[in-house]
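A closer look at the structure
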Amino acid sequence: MKKIVLMTLLVCTAFAVFSVWPLSLSAEGDGIVRIWFSQYTEENAAMETIATRFTQETGIVVEVVPRMTVFNAAQDFTNNIEHDERPDIVFMQAPDIGNLVASGLLEPLDTVVDSELRTRFVSSAIDAFSLEGIPYGIGYSVDTYGLVYNRALVTDEDLPQTWDEFFALGEALTVRDNDGNVTRWGFCLNPRDMWFTYPIIRSFGGYYYGRYPNGDYNPYDIGLDNEGMLDYVALIKDLHTKGLTLSTSTQSESTIVARFIAGNVAMMIYGLWNAAMFQNAGIDYGITSLPDPGPGQTSLALTTVQGFVVNAKTLHQDATLAFLSYLSSDENQQLLIEAGNGGSQKLGTRNPANRAVIASGYIQSDANLRALSALNDECEPFPNIKEGTIWYNYTTTCFQAIFYGTSTGGTVDPQAKLHELAQAIRNDVAQMNAQPERITLPEGLWKWILGFFAGLSALGGGVVWIRHRRNPVRRKGFSREALLGWGLMIPLLVLLGMFYLYPILHNCYLSLTDYSGIHLLDYGLIGWANYRQIFSSGFRDLASMTGWTLLFATTVVGLSFLLGALLATVMNRAGAQIAKIYRMIFILPWVIPTVITLLMWQGLLDTEDGMINHFLSLFGIPAVPWLSNPLVARISTILVMVWFSFPYFMVVSTGLIKNIPKDYYEAAKVDGANGFFLFFRITIPLVFRALVPTLIMSFLLQFNQFGVYVLTAGGPASDVIGAPGATDLLITYVFNTAFNTNRYGLAAAYSVIIFLFVALFSLGAMRIGKKMSEGEV
């Protein structure tokens with residue numbers, strides 16, 4: 001009884017404390033302006049130089065924080081927006097600002113982006129960071145693309161001016177062997193990708209989002225299922241039969257770039273991001289404008305602009321805006337661009353948005369940099385509205401089904417599939433903008449809740465005190481050893497409360513809110529709306545994923561246990577020296593870092609270039625779609641995870657097997673038992689009983705196994721657009737829901753369901769394990 005009361009007291013006290021624990025501690029600020037910048041060392045060094053000069057001129061200290069990549073800048077910015085060492089200026093992609101602006105996290109830059117600054121930068125540098133006419137950032141690098149070509153295969157004079165000329169020239173430059181297989185491509189396209197083929201799609205009248213009369217994007221107007229798109233599909237299918245597109249769905253832009261570096265592609269729609277590789281391979285390359293649809297028309301490349309935004313929660317607004325203005329000067333932009341392009345290497349990694357830099361000798365003296373910068377006026381910035389990336393989440397799956405067939409090898413009706421694509425985008429747009437009715441709690445409710453738990457805590461403490469005051473025998477022990485013990489446990493209990501109890505309670509709270517990409521700070525309670533959605537429209541996906549997750553976890557644990565016990569048995573019978581050697585070999589999968597091993601397996605299992613398929617080809621065995629066929633991919637993930645897990649079971653089973661009395665085996669042998677009988681009727685049952693708690697923990701680990709996502713990214717994708725992938729587990733689907741659609745409240749509801757399932761399973765499994773240990777089962 002005492003333990004129950006004490007635990008109740010601790011839980012109630014922790015709930016009362018952590019329910020009001022501040023999510024972040026505001027500070028007055030340390031006077032330092034922080035800028036999150038680049039992954040390139042030279043570029044960060046240039047920014048440090050600019051920051052030092054600014055400090056010398058103004059006395060304002062600027063700290064440059066290097067970043068691993070720009071692609072997760074928005075997510076990390078959201079997590080640190082009110083941190084004590086929050087970033088004041090962040091280098092990010094323009095398409096990422098939609099949710100941040102909707103949540104009020106970015107500072108409008110009307111005072112900085114004046115008419116004078118606009119004249120010094122190309123229009124896309126400002127337009128890409130503007131919403132409803134308000135600028136929220138300043139572009140620095142225009143990541144656009146054009147027609148990259150190999151001068152050894154196509155001369156400058158022969159470059160195509162229209163798409164018709166492009167297709168005709170590409171076919172003329174294509175070289176085939178005696179069997180009709182392409183050995184050198186005039187051009188090569190990736191049918192699954194819509195980024196680089198978007199200018200061609202636009203030439204046929206297709207588009208991602210329409211626009212309102214005022215020029216703003218209309219996310220409900222989807223132009224991917226119109227008549228022009230059917231003509232585009234017919235064109236790509238024709239090119240596919242001619243071998244001018246990637247032959248399999250597992251290939252990507254990297255395949256095209258590799259062929260270009262090898263001198264086997266004359267033209268490709270790409271940028272200069274891999275210019276260093278082109279130079280190292282000795283390719284005499286150039287870049288020029290994309291072919292135009294026709295006379296008087298211009299192809300616009302779908303472009304991402306990278307630039308600087310300001311934290312709306314900055315503690316040093318004036319100093320931050322002053323440094324941003326200083327950073328935007330022509331001189332400083334020149335310094336950054338030269339550093340970003342490798343100085344004298346002139347790689348083209350950064351394409352300047354500043355007109356003075358474009359006109360500088362550094363850019364104009366290099367033909368490729370000059371041509372790349374000229375493309376700044378022939379680009380269409382990627383939509384920066386909050387719904388901007390939704391269409392890009394589904395197009396790969398759609399085009400893969402159209403051009404390469406379904407996962408079972410079947411064909412699809414292009415018109416029906418394009419309509420499914422457009423409808424999936426519209427549904428996501430509608431769900432993103434849906435506003436469930438918020439619940440208004442009675443004023444002072446939290447005070448009553450806290451008062452209730454405080455009273456309950458006081459009552460529990462009083463009961464404990466009275467019980468021990470009435471028992472002289474226990475009172476002395478309680479006042480010394482017990483109090484000392486609980487006192488020593490306080491630091492641990494505080495840590496458990498902070499890192500275990502509080503996250504669980506906070507996640508339960510988030511599942512009852514409309515926390516999302518457009519409500520990052522101003523989210524509110526909406527009751528059970530997220531759960532209703534899961535158990536209504538999302539129930540089929542939930543049921544299918546739960547079934548697959550259970551099968552995956554059970555199979556991995558079962559096979560790992562059997563294989564580990566079998567190897568432990570074999571090692572136990574082998575000689576001591578040989579056993580030690582093989583144990584060291586078999587334990588390697590367990591000790592090598594997981595991410596490294598998963599990436600290794602990803603390369604080994606690649607359908608086109610994987611070592612396993614190359615080995616099989618030596619025996620005339622065709623390539624196996626290890627990660628591209630749904631059924632085979634599921635089997636592959638199970639086998640890879642078994643490879644990870646069996647060494648642990650081999651180690652723990654070794655000691656248990658040695659402790660099994662030899663009399664059991666000898667008696668069975670006398671009765672005529674063979675090795676199979678001895679293993680499955682003596683070894684396995686005895687080891688299994690001893691490892692029940694370990695098996696339970698292993699099952700829970702595999703149930704929430706995120707390593708599968710590293711290996712397969714949840715794929716191969718479902719034939720139904722928007723449905724979970726073949727290898728998606730519940731935990732990876734929650735990740736996709738949270739970070740692909742930015743519906744964090746819904747993801748939190750899924751995680752609560754997973755938590756409850758795991759908790760109930762654990763309690764049930766532990767009860768069964770206890771009965772087994774007591775011989776009741």
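The paragraphs below set out a description of the structure included in this document. Starting from 1, residues in each chain are numbered consecutively following that chain's sequence as written. Only residues with pLDDT of at least 70 are given local features in this predicted model, and only at 80 or more are side-chain atom pairs given and counted; all residues enter the totals for whole chains, interfaces and linings. For side-chain calculations, the full set of non-hydrogen atoms in the structure is used, while hydrogens and water are omitted.

**Quick notes on helix α29 (residues 675–690)**
Elements are defined by DSSP. Helices are runs of H or I of four residues or more, strands are runs of E of two residues or more, and each kind is numbered from the N terminus. Any helix carries an expected span of 1.5 Å times its number of residues minus one. The first and last C-alpha atoms of α29 sit 21 Å apart over 16 residues, in line with the 22 Å expected at 1.5 Å per residue. The largest bend along α29 measures about 35° and falls at I684, with the proline P685 one to four residues further on. Categorising residues by exposure relies on relative accessible area from a 1.4 Å probe, with only protein chains included: less than 20% of the type maximum marks a residue as buried, more than 50% marks it as exposed, and the intermediate range marks it as partly exposed. Within the span of α29, buried status applies to L678, F679, I682, T683, I684 and V687. Buried positions along α29 lie against α22 (539–573), α27 (630–658) and α28 (662–670). Fitting axes to the seven residues ending at a residue and to the seven starting there, one defines the bend at that residue as the angle between these axes. For this analysis, residues touch if any pair of their heavy atoms sits within 4.5 Å.

**Regarding the packing of helix α9 (residues 227–241) against helix α17 (residues 390–404)**
The N-to-C vectors of α9 and α17 enclose an angle of 55°; their axes lie 10 Å apart at closest approach. Judged by the inter-axis angle, α9 sits oblique to α17. α9 and α17 meet at a crossing whose hand is right-handed. Judged by residue contacts, M229, Y232, V233, I236, K237 and H240 of α9 engage F399, I402, F403 and Y404 from α17. Charged means Asp, Glu, Lys or Arg here, nonpolar means Ala, Val, Leu, Ile, Met, Phe, Trp, Tyr, Cys or Pro, and polar covers whatever is left, Gly included. Residues that form the contact of α9 with α17 fall into these classes: eight nonpolar, one polar and one charged. Fitted lines through C-alpha atoms serve as axes, helices being fitted only where they are in contact, and the angles separating the N-to-C directions of these axes extend from 0 to 180 degrees. Put simply, angles under 35 degrees are roughly parallel, angles over 145 are roughly antiparallel, angles from 65 to 115 are roughly perpendicular, and the rest are oblique. In this scheme the handedness of a crossing depends on how the near helix is turned from the far one: anticlockwise by less than a right angle means left-handed, clockwise means right-handed.

**What to know about the pattern of salt bridges**
Take a side-chain nitrogen of Lys or Arg and a carboxyl oxygen of Asp or Glu: if they are within 4 Å of each other, that pair is a salt bridge. The tally for this structure, following the rule as stated, stands at 14 salt bridges. A salt bridge links R350 to E43; the nearest nitrogen and oxygen atoms lie 2.8 Å apart. Here R350, found in the loop between α13 (330–340) and α14 (355–358), pairs with E43, found in helix α2 (residues 41–58); they are 307 residues apart in sequence, far enough to count as distant. Its relative accessible area of 3% is what places R350 among the buried residues. Residue classification places E43 among the buried positions, given a relative accessible area of 0%.

**Some thoughts on the pairing of strand β12 (residues 265–270)**
Of all six residues in β12, six are buried, a share of seventy percent or more. The sheet contact formed by strand β7 (residues 146–150) and β12 spans four bridges and is antiparallel. Paired with V148 across the two strands is M268, which belongs to β12. DSSP-based pairing: two strands are paired if at least 2 bridges between them are found. Here strand β9 (residues 182–187) pairs with β12 via two bridges, running parallel. Within β12, the residue paired with W185 across the bridge is V265.

**Topic: the nonpolar core**
To form a nonpolar core, buried Ala, Val, Leu, Ile, Met, Phe, Trp, Tyr and Cys residues must be joined to one another through side-chain atoms within 4.5 Å. Within the largest apolar cluster, 183 residues are counted, with the highest numbers of intra-cluster contacts made by Y209, M267, F308 and I425. Examining the composition of this core, we find that eleven residues originate from one element, helix α33 (residues 744–773), more than from any other. Filtering out sequence-adjacent residues up to four positions away, I425 remains in contact with Y209, I222, L224, I390, W391 and Y394. Counting residues in each nonpolar core, the second largest holds 16 residues, with F552, L604, L605 and F644 among its members.

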